[in-house]
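# Per-entry structural report
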Amino acid sequence: MASIEIGATSWRRVEVGRVLKLETGSLAAIVEIIDHKRVLVDGPSSDPKLATPRGIAQLSRTLLTPIVIEKLPRGARTAAVKKAWEAAGVDSKWKESNWAKKQLQQERRQSLTDFDRFKVMRLKKQRRFEERKALAKIRAAA
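Residues numbered from 1 in each chain as written. Predicted model: local features only at pLDDT ≥ 70, side-chain atom pairs only at ≥ 80, totals over all residues. Heavy atoms only, no water.

## Considerations on the sheet that holds strand β4 (residues 52–58)
The antiparallel open sheet is built from 5 strands, whose spatial order is β4-β3-β2-β1-β5. Each edge of the sheet is formed by a strand with only one pairing partner; in this case those strands are β4 and β5 (62–68). Going across the sheet, the axis of each strand differs from the next one's by a mean of 40°, ignoring polarity. The pairing of strand β2 (residues 27–33) with strand β3 (residues 38–43) spans 4 bridges and is antiparallel. Within the sheet, the bridge partner assigned to Ile30 lies in β3 and is Val41. (Pairing = 2+ DSSP bridges. Helix = DSSP H or I, 4+ residues; strand = E, 2+ residues; numbered from the N terminus. Axes fitted to C-alpha atoms, helices over the stretch in contact; angles between N-to-C directions.)

Here is the structure:
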């Protein structure tokens, strides 16, 4: 018979210390679980765009990130959360994540003007032409 490996699931759990992405685009850590639908959050990010004041958030309006602040005590006050946030390097972890990079790219694309989009199209056409020219040279040599 074949052996069966049973492992724990790697789902993101709602837990104290889990970092959330709110609807507004800001980040916050779960400080206390109020009930099965609401949590108390605090987001003392150094980036003002990502900072969140302490308050209640509905879980249906948030997204769980893979980032967790380890050993954050339940009901921790803002100063303690800020200290743990900086010790865990949440801001740097978020900026390195693919999620944040994709969000930044989307924001950059939304801010383009019509002429900027035209320039991007021309550059893509130019790159595609160079790639095809190099590929044709390789095929001719083979």
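## Structural notes on the pairing of strand β1 (residues 18–22)
Of all the 5 residues making up β1, 5 are buried; the element is thus mostly covered by neighbouring parts of the structure. With burial as the criterion, each face of β1 is covered, one bearing Arg18, Leu20 and Leu22 and the other bearing Val19 and Lys21. In the sheet, β1 pairs with β2 via 3 bridges, with the strands oriented antiparallel. Following the sheet pairing, Leu20 is matched in β2 by Ala28. Taken together, β1 and the strand that follows it, β2, pair antiparallel across an intervening segment of 4 residues, in which Gly25 is found at a positive phi of about 95°. (Buried < 20%, exposed > 50% of the residue type's maximum accessible area, 1.4 Å probe, protein only.)

## Observations concerning the UniProt feature "domain: Large ribosomal subunit protein eL14" (unreviewed entry) in the protein
UniProt marks residues 53–128 with the feature "domain: Large ribosomal subunit protein eL14" (unreviewed entry), using the numbering shown here. Between the end C-alpha atoms of residues 53–128 there is a gap of 47 Å, over a span that is 61% helix and 17% strand. (UniProt positions renumbered as here; feature names shortened; annotations may be inferred.)

## Some details on the side chain of Thr65
On the secondary structure map, Thr65 appears in strand β5. For Thr65, a relative accessible area of 0% translates into the label buried. Within the structure, Thr65 has its side chain in polar contact with the backbone oxygen of Val19 (distance 2.6 Å). Among all residues touching Thr65, those that are not within four sequence positions of it are Arg12, Arg18, Val19, Leu20, Lys21, Trp94 and Trp99. (Polar contact = N/O pair within 3.5 Å; in protein donor to acceptor, adjacent residues only side chain to side chain. Contact = heavy atoms within 4.5 Å.)

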